[in-house]
Amino acid sequence: MSKNLLYYGDNLDILRRYIKDESADLIYLDPPFKSNQDYNVLFAEKNGSNSKSQIKAFEDTWIWDEAAVESYAEMVECGPDKVSQALQGFRRFLGPSDMLAYLSMMAPRLVELNRVLKPTGTIYLHCDPTASHYLKMLMDAIFGGSHFQNEIVWYYRRYTAASNRLQRLHDIIFWYTKTSKWTFNEQREPYAETSGKKDSHYKQDEQGLWFRWQKRMGKKPYKVYLDERGKRVGDVWPLQHINASAKERLGYPTQKPEALLERIIVSSSNEGDVVLDPFCGCGTTVSVAERLNRQWMGIDITYLAIALIKHRLTSAYEGKEQYKVVGEPVSIPDAEALAKQDPYQFQWWALGLVGARPAEQKKGADKGIDGRLYFHDESEDAETKQIIFSVKAGNVTVSQVRDLRGVIERENAAIGVFITFNEPTKPMRKEAAEAGLYHSPGWKKKYPRLQLVTVAELLSGKGIKCPPSKHVNMTFKKAPKAKRKKDHTKHLPLF
Ligand SMILES: C[S@@+](CC[C@H](N)C(=O)[O-])C[C@H]1O[C@@H](n2cnc3c(N)ncnc32)[C@H](O)[C@@H]1O
């Protein structure tokens, strides 16, 4: 059985329920930064690039509400003493505020992460200056100030609109260890252009090695050689952000570059070690861990993130990746529970079973449509056809089937699919049959124009009837193929 695990759900619940004490060698977390923004997923355009079609994936707005009060009280009453003290101190200073709500959400999760980290393990907390000063105090309270190793500044270039303050061009990553013993693989990077060849202080010796003369008072001048391996990586990491046209960009908001995760994973773990990302988004950590032959665990609360990670891993590793998904519905009662708990996540999950994308939630847009799937059944540059979806958790009536027929006409869709819990009644089937057939010109086959599919059928592996298209899943942008790496020893060029 695969040891790699992808969990769908709230990480606090997943950590408490499934993740054993001292089971992770390396934890990287990139939680919401308290930016007071919503983040949208961009779906793939018909030609595979990112499109303007988007949907809200997650929110990063915190308010001092009932949930925050509960989380605060639980940590103050039952959390480790230092964490309780820290939160009480924050409350005295910040009052019952948005920031306190955010910190009360982070505290129990960081406590759990401390529990699951191995004694030789390392944790990297990614944040930005909005809350980094408070988060560092929380990390000190949980992991111990003496286990703080570095504050890493990830410096990037990006376009920012003109404003009356300095451009914000960096994130903060706190590195803590669990104890005073930890894995560290030193990283090297090329020397800057100004050292070595282009710096007049350096000369080449008869073997071609670069050196400079060091003069010290009272000593004979002696040679200092440039280290062939490059210079040791410091705590400021100038690494490119993912630009708009980057191949690795998948349309998930806040996606981090693979180069950043590669540096963290290579520095602080070895092959076979377990890497955990409890806010894994579109799966940058898990994909890089897979490429570097680490075991991995990823957790996300947004079903769109889980669907995108599955798609990313399949495109990058061509189905050779092995992992188990935990927490997504596998039975009707599970699916019913999800529909009750969060109707949107239920819709996203149901649409994910057929590879469809959720429709935009804008007012007035896509009326009567919950999802879409694009396909080509002639040639790839011929007209793009669409299948539209309506997902209903409650009872469905024959008039709703009739409405979907109207939407198929209005949208000029090839096929329309109703996904329901209940078995369709006879009148519903009759209404669906009256919608007729879609004739696929490429495949010279006919498909029912209006299909009624139950969640039970989808769970049992029955798909929808539609033309097989090479690009039938055009929902997410394809991730580039990944090359697994065996040896990460870097032999960087000197200049
Ligand atoms: C900043 S994004 C992470 C992006 C990620 N590093 C990447 O490269 O794609 C934060 C993620 O945390 C998830 N999230 C927020 N609250 C969560 C929770 N309580 N449990 C699990 N995931 C959560 C959001 O759905 C979002 O995908």
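Because the structure is a prediction, the values reported are computed rather than measured.

**Student:** In this structure, what is going on with the packing of helix α2 (residues 66-78) against helix α3 (residues 81-94)? I would like to understand it.
**Tutor:** Each pair of packed helices can be described by the angle between their axes along with the distance between the axes. Running from N to C, α2 and α3 cross one another at 135 degrees; their axes reach a closest spacing of 7 Å. Regarding the angle of α2 to α3, the classification is oblique. The chirality of how α2 crosses α3 is left-handed. Residues Y72, M75 and V76 of α2 form the contact with α3, whose own contacting residues are V83, S84, L87 and Q88. In the contact of α2 with α3, the residues fall into 5 nonpolar, 2 polar and no charged.

**Student:** When you look at the domain arrangement of the chain in this model, what are you seeing that I'm missing?
**Tutor:** Interfaces are frequently sized by the accessible area removed from exposure as the parts join. As far as domains go, the chain holds domain 1 (5-186 + 233-326), domain 2 (196-231) and domain 3 (332-459). The centre of domain 2, based on its C-alpha atoms, is set 70 Å off from the matching centre of domain 3.

**Student:** Is there a simple way to think about the packing of helix α9 (residues 332-341) against helix α10 (residues 343-353) in this case?
**Tutor:** At their nearest, the axes of α9 and α10 sit 5 Å apart, and the two run at 135 degrees to each other. What the angle tells us is that α9 and α10 run oblique. Taking contact as the criterion, the partners of A335, L338 and A339 in α9 are, on α10, P343, Q345, F346 and W349. Classifying every residue of the contact of α9 with α10 gives 6 nonpolar, 1 polar and no charged.

**Student:** What should I look at first to understand the environment of L166 in this one?
**Tutor:** Relative to the elements of secondary structure, L166 occurs in the loop between β6 (148-155) and β7 (170-177). Distance in space between the C-alpha atoms of L166 and V224 is 39 Å, their sequence separation being 58 residues.

**Student:** Looking at this structure, how should I read the sheet that holds strand β14 (residues 274-277)?
**Tutor:** The strands making up a sheet associate through hydrogen bonds between their backbones, and the pairing can be parallel or antiparallel. Spatial ordering of the open sheet is given by β13-β6-β7-β5-β2-β14-β15-β1-β16, a layout of 9 strands whose pairing is mixed. Both outer strands of the open sheet, β13 (236-238) and β16 (324-326), are each paired with one neighbouring strand and no more. Between one strand axis and the next, the sheet turns by 15 degrees as a mean value, whatever way the strands run. The pairing of strand β5 (residues 117-127) with β7 spans 6 bridges and is antiparallel. Following the sheet pairing, L125 is matched in β7 by F174. The sheet contacts of helix α5 (residues 132-143) involve β5, β6 and β7, and relative to β7 the element is tilted by about 5 degrees.

**Student:** Just checking my understanding: could you explain the confidence of the model for the chain for this structure?
**Tutor:** In regions of low pLDDT, the predicted coordinates are not meant to be interpreted in detail. Considering every residue of the chain, the mean pLDDT works out to 89; 91% of them sit at 70 or more. Taken together, the stretch residues 489-495 has pLDDT below 50 and engages in 19 contacts with residues farther than four places along the chain or on a different chain.

**Student:** Would you explain the sheet that holds strand β19 (residues 385-392) in this entry?
**Tutor:** Within the open sheet, the 5 strands sit side by side as β17-β18-β19-β20-β23. Their pairing is mixed. The open sheet has two edge strands with one neighbour each: β17 (357-358) and β23 (450-454). As paired elements, strand β20 (residues 415-420) and β23 share 5 bridges and run parallel to each other. Paired with F418 across the bridge in β23 is L452. Helix α11 (residues 398-411) rests against β19, β20 and β23 of the sheet, and its axis sits at about 150 degrees to β20.

**Student:** In this structure, what is going on with α5? I would like to understand it.
**Tutor:** Each α-helix turn comprises 3.6 residues. Residues three or four places apart therefore point the same way. Its 12 residues place the ends of α5 15 Å apart at the C-alpha level, agreeing with the 16 Å of an ideal helix rising 1.5 Å per residue. Those residues of α5 lying buried are Y134, L135, L138, M139, A141, I142 and F143. Buried residues along α5 cover an arc of 165 degrees about the axis, so they all sit on one side. Among the structural elements, α3, α4 (98-116), β5 and β7 are those in contact with the buried residues of α5.

Rules used throughout
- Residues numbered from 1 in each chain as written.
- Predicted model: local features only at pLDDT ≥ 70, side-chain atom pairs only at ≥ 80, totals over all residues.
- Axes fitted to C-alpha atoms, helices over the stretch in contact; angles between N-to-C directions.
- Helix = DSSP H or I, 4+ residues; strand = E, 2+ residues; numbered from the N terminus.
- Parallel < 35°, antiparallel > 145°, perpendicular 65-115°, else oblique.
- Left-handed = near helix turned anticlockwise from the far one by under 90°.
- Contact = placed C-beta atoms within 7 Å.
- Nonpolar A, V, L, I, M, F, W, Y, C, P; charged D, E, K, R; others polar.
- Domains from an automatic or database assignment.
- Pairing = 2+ DSSP bridges.
- pLDDT = per-residue confidence, 0-100.
- Expected span 1.5 Å × (residues − 1).
- Buried ≥ 20, exposed ≤ 12 C-beta atoms within 10 Å, placed from the backbone.
- Arc of directions from axis to C-beta.

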